[in-house]
Amino acid sequence: MKKTLKIIGISLASLITVLIITVFILLWVIVTPDKLTPIVRNQVDKFILCTTDFDTVDVTFFSTFPHVGLQIKNLALINPMPDAPSDTLAFVEDFKASLNLKELLFNNTLKVTAVYIRNVEAHLFVDAKGNTNFNIVEIDTTEEDTAFELPFDLINLHKIRIKNLNADYTDHNSGMFASINDMSALIKGELTIEDAWAKLTMESGNIVFNLNDSTPLAAKLQSFETKIEGEKSGADINGSIRFEMPEVFFKMDTIVYANALPVEIDLPFTFNIDHQKITLDDAELALQKIKIFLNGTVQPSASFSDIGIDMAFHTNTWEIPEVIEIIPETYKSMLKDITATGNLELKGNAKGTYNDSLMPIITANVFLADGQFAYKKFALPFKNISADVLAYLDLNTDSLSMVNIHSLKAQTGKSVLELSGRIIDLFNKMLFKVNVNSNLELVELKPVLPSDMNLIIKGKAKATMNTDFSMNDMQNLDLQKMKLKGDIRLIDMEAVYNDSIFVNSPDANLKISSAKTANNKIPDKLFDIEILSKDMDIEMIDVVDATLKEVKLKAQVSDFMDTTKPLSAHCDFNFGNLKAAMDTIDAAISG
């Protein structure tokens with residue numbers, strides 16, 4: 001009995017298979033290319049406004065089984081316009097689509113299982129008056145606008161594959177040109193009234209973009225790969241976008257900002273349709289080895305005139321030479337006298353409104369470790385540089401931009417500097433209000449002194465200094481405009497000036513101030529100086545040789561950087577004991 005049923009089942013299945021094959025064969029015989037092609041030509045002419053041409057239209061059964069397929073060979077859309085690069089709008093060598101008839105007939109579902117497009121040439125054109133060669137579809141404008149409804153319960157786009165697409169876009173109205181070569185793409189997706197999902201992978205050869213406007217732009221990608229995935233659930237679309245561009249060229253006006261620069265972008269996102277809000281979750285932008293990670297939101301206003309931004313960012317560790325490498329050559333030439341190394345990290349956020357007149361405010365913590373810096377026009381190189389700096393950038397009001405220096409440490413030779421403070425009006429005057437703590441080897445200061453100042457100084461100094469000056473003051477070493485106030489402890493100090501004046505002290509304290517006072521003893525006073533020392537030896541060749549105890553010296557000195565005038569000073573001495581020799585005269589005085 002079981003054997004009989006098995007035989008009957010096999011027989012019925014075989015019979016049904018034979019019947020299906022017979023129907024397909026009959027359809028294939030009846031619906032031949034010779035009969036189908038004229039029908040398609042007539043239908044195309046009803047809604048395509050330009051000239052169309054193709055070789056044959058065929059229905060496929062076996063190559064797309066179990067689905068019915070439609071194949072068009074050598075499809076051309078011809079729409080000549082003056083000055084257009086080609087009379088041909090588009091040419092498709094091979095177009096094939098397969099449709100699931102069972103789903104359409106029994107489930108009211110339009111299920112396109114696959115679309116295959118191969119060898120495409122397209123030339124899109126806009127003339128100087130804004131007329132286009134691609135406005136070719138007949139649109140019925142007689143019916144009133146109605147709410148959009150899906151014509152079927154489900155549109156299931158299983159697959160679209162494009163191979164070898166070459167296209168260009170020429171716009172004489174805006175001065176724009178764009179082209180893409182050898183593009184291949186695979187698209188999969190599904191759409192329902194409530195939900196949807198889609199996946200796209202694409203790769204191409206050269207992509208070119210040019211804009212001849214008041215500020216010319218030019219961009220070129222040597223190759224391009226992308227992968228886009230998205231899934232809609234209710235009002236949210238969750239997805240990711242990834243771009244890989246091994247060689248990017250970008251030029252604005254005459255400045256080349258990128259030349260063969262590798263760029264990778266990875267953007268996991270959520271898009272809320274109701275509020276038009278984009279949320280990025282650890283998105284990544286990579287320029288060579290330079291990486292920036294983004295977390296936050298971007299939301300346009302209802303009119304799209306403003307864009308609200310609230311975006312946190314952080315970076316990987318940047319090697320300073322790698323950062324310098326991607327700086328445009330125009331700006332890199334400004335750094336030709338600078339050598340810098342070290343490890344940088346950034347962490348901050350951009351928050352505010354972006355529109356034609358406003359920019360978000362950016363705050364950024366900058367961390368530097370293991371830094372080295374040398375400037376050819378400044379004699380002292382620095383090493384072991386570390387920094388913890390907070391930058392506040394307000395591009396709407398430049399004068400509000402500033403930098404808070406929480407900590408900046410550097411070493412030159414055996415001398416160590418530590419800085420803290422602020423730099424205000426960052427993009428204009430650059431006003432420094434900086435506190436300096438230092439442990440100095442005095443002999444290492446020689447290179448920063450004027451070359452014609454015959455001063456030799458040795459020993460150590462521990463200094464605390466409060467400063468107030470502008471970048472211009474520092475570049476010009478204009479001490480008259482720089483405000484300084486500090487305490488310096490000198491240890492084992494030995495100084496020789498002009499080979500004729502010798503000063504030695506094992507331990508001395510020096511106070512210095514550039515504050516303006518009414519009690520000026522000299523007309524061009526630069527500093528008020530107070531020196532306290534328990535023991536000091538002073539020798540002036542052929543004049544005097546003295547040893548002083550419990551020294552208290554107050555002095556005013558002129559600008560020793562001004563080589564056009566002799567150094568002048570006014571001193572008030574107070575001491576406990578003095579022993580001095582002058583020629584044949586010896587003297588001892590007790591205070």
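Per chain, residues are indexed from 1 in the order of the written sequence. Confidence filtering applies because this is a predicted model: local features only for residues at pLDDT of at least 70, side-chain atom pairs given and counted only at 80 or more, and all residues used for totals across whole chains, interfaces and linings. Note that the side-chain values use all heavy atoms of the structure and ignore hydrogens as well as water.

Put simply, DSSP H or I for four residues or longer makes a helix, DSSP E for two residues or longer makes a strand, and each gets a number counted from the N terminus. A tally of regular secondary structure across the chain gives six helices and 32 strands. Burial here depends on accessible area, computed with a 1.4 Å probe over protein chains only, as a share of the maximum for the residue type. Under 20% is buried, over 50% is exposed, and the range in between is partly exposed. Of all 591 residues assigned to the chain, the portion counted as buried reaches 30%. What makes two residues a contact is simply this: any of their non-hydrogen atoms within 4.5 Å. In the chain, 50% of the contacts between residues at least 6 apart in sequence involve partners at least 24 apart. Of the roughly 35,800 Å² of accessible surface on the chain, 59% is carried by carbon and sulfur atoms. Throughout, the Shrake-Rupley method with a 1.4 Å probe supplies accessible areas, and for residues the shown protein chains are the sole cover considered.

Right, let's talk about the confidence of the model for the chain for a bit. What pLDDT expresses is the predictor's confidence in each residue, scored from 0 to 100. Looking at the chain as a whole, the pLDDT averages 83, with 83% of positions reaching at least 70. Confidence, read as mean pLDDT per element, is least for helix H1 (residues 2-30) in the chain (39) and greatest for strand E17 (residues 307-315) (97). For the stretch residues 1-31, pLDDT sits under 50, and the model shows 10 contacts to residues farther than four places along the chain or on other chains. Every residue in residues 147-154 is under pLDDT 50, and counting partners more than four places away or in other chains gives 14 contacts.

Whenever Lys or Arg places a side-chain nitrogen within 4 Å of a carboxyl oxygen from Asp or Glu, that contact is recorded as a salt bridge. Scanning the model with the defined rule gives 14 salt bridges in all. Among the salt bridges present, the one from Arg 242 reaches Glu 244, with a minimum N-O distance of 3.2 Å. We classify Arg 242 as partly exposed; its relative accessible area is 29%. For Glu 244, a relative accessible area of 30% gives the class partly exposed. A salt bridge links Arg 242 to Asp 266; its shortest N-O distance comes to 3.7 Å. Separated by 24 residues along the polypeptide, Arg 242 in strand E13 (residues 236-252) and Asp 266 in strand E14 (residues 255-272) bring together distant segments of the chain. The class for Asp 266 is partly exposed, based on a relative accessible area of 26%. Linked through salt bridges whose partners overlap, the residues forming this network are Lys 73, Glu 93, Asp 94 and Arg 118.

The subject of this paragraph is the pairing of strand E16 (residues 290-300). Any two strands with at least two DSSP-identified bridges between them are counted as paired. By the bridge criterion, eight bridges tie strand E15 (residues 277-287) to E16 in an arrangement that is antiparallel. Bridge pairing in E16 places Thr 279 opposite Thr 297. The antiparallel pairing of E15 with E16 creates a hairpin that spans two residues between the two strands, and Gln 288 there sits at a positive phi of about 55 degrees. Here E16 runs beside E17; their pairing, made up of nine bridges, is antiparallel. In the sheet register, Val 298 faces E17, and the bridge partner there is Ile 309. From the end of E16 to the start of E17, which pair antiparallel, there are six residues, and Phe 304 there has a positive phi angle of about 65 degrees.

Okay, the nonpolar core next. Where a protein is soluble and globular, its nonpolar side chains tend to be buried together. Take the buried Ala, Val, Leu, Ile, Met, Phe, Trp, Tyr and Cys residues and link them wherever side-chain atoms come within 4.5 Å; each set so joined is a nonpolar core. By size, the foremost hydrophobic cluster in this structure holds 52 residues, and its most contacted members are Val 403, Ile 488, Leu 490, Leu 510, Phe 527 and Ile 529. Counting 28 residues, the second largest nonpolar core, distinct from the first, contains Cys 50, Ala 97, Ala 167 and Leu 261.

To continue, consider the packing of aromatic side chains. Between 30 and 60 degrees the pair is tilted, below 30 it is stacked and above 60 it is edge-to-face, where a pair is any two Phe, Tyr or Trp rings, Trp via its six-membered ring, whose centres lie within 6.5 Å. One pass over the full model with this rule turns up five aromatic pairs. Both rings, one in Phe 224 and one in Phe 243, keep their centres 5.6 Å apart while their planes meet at 35 degrees; by these two values the pair is tilted. Note that Phe 224 is positioned in strand E12 (residues 224-233) and Phe 243 in strand E13, a separation of 19 residues in sequence. Here Tyr 257 and Tyr 331 contribute two aromatic rings whose centre-to-centre distance is 6.5 Å and whose plane-to-plane angle is 50 degrees, an arrangement assigned as tilted.

Across eight bridges, the pairing between E14 and E15 is antiparallel. Considered in E15, the bridge of Thr 270 is made with Thr 279. Hairpin connection from E14 to E15: four residues lie between these consecutive antiparallel strands, with Gln 276 at a positive phi of about 50 degrees.

The subject of this paragraph is unusual backbone geometry. What is expected of a backbone is that most residues other than glycine have negative phi and most peptide bonds are trans. The backbone phi angle of Asn 74 is positive, close to 55 degrees, even though this residue is not glycine. Looking at the element boundaries, Asn 74 is found in strand E3 (residues 68-78). Under the relative-accessibility criterion, Asn 74 is labelled partly exposed at 26%. With phi around 55 degrees, Asp 282 is a residue other than glycine that occupies positive phi space. Note that Asp 282 resides in strand E15.

Here we take up the environment of Phe 271. When you line up the elements, Phe 271 lands in strand E14. For Phe 271, the residues in contact, after removing those within four places along its chain, are Ala 235, Asp 236, Ile 237, Gln 276, Lys 277 and Ile 278.

Before going further, it helps to spend a moment on the side chain of Thr 412. With respect to the helices and strands, the residue Thr 412 is situated in strand E22 (residues 402-412). In this structure Thr 412 comes out as buried when scored by relative accessible area, which is 9%. N or O atoms within 3.5 Å of each other form a polar contact, as long as, within protein, one can give a hydrogen and the other can take it, and as long as residues adjacent in sequence are counted only when both atoms are side-chain atoms. A polar contact is formed between the side chain of Thr 412 and the backbone oxygen of Pro 381, at a distance of 2.7 Å. Apart from the residues within four sequence positions on either side, Thr 412 is in contact with Leu 380, Pro 381, Phe 382 and Glu 444.

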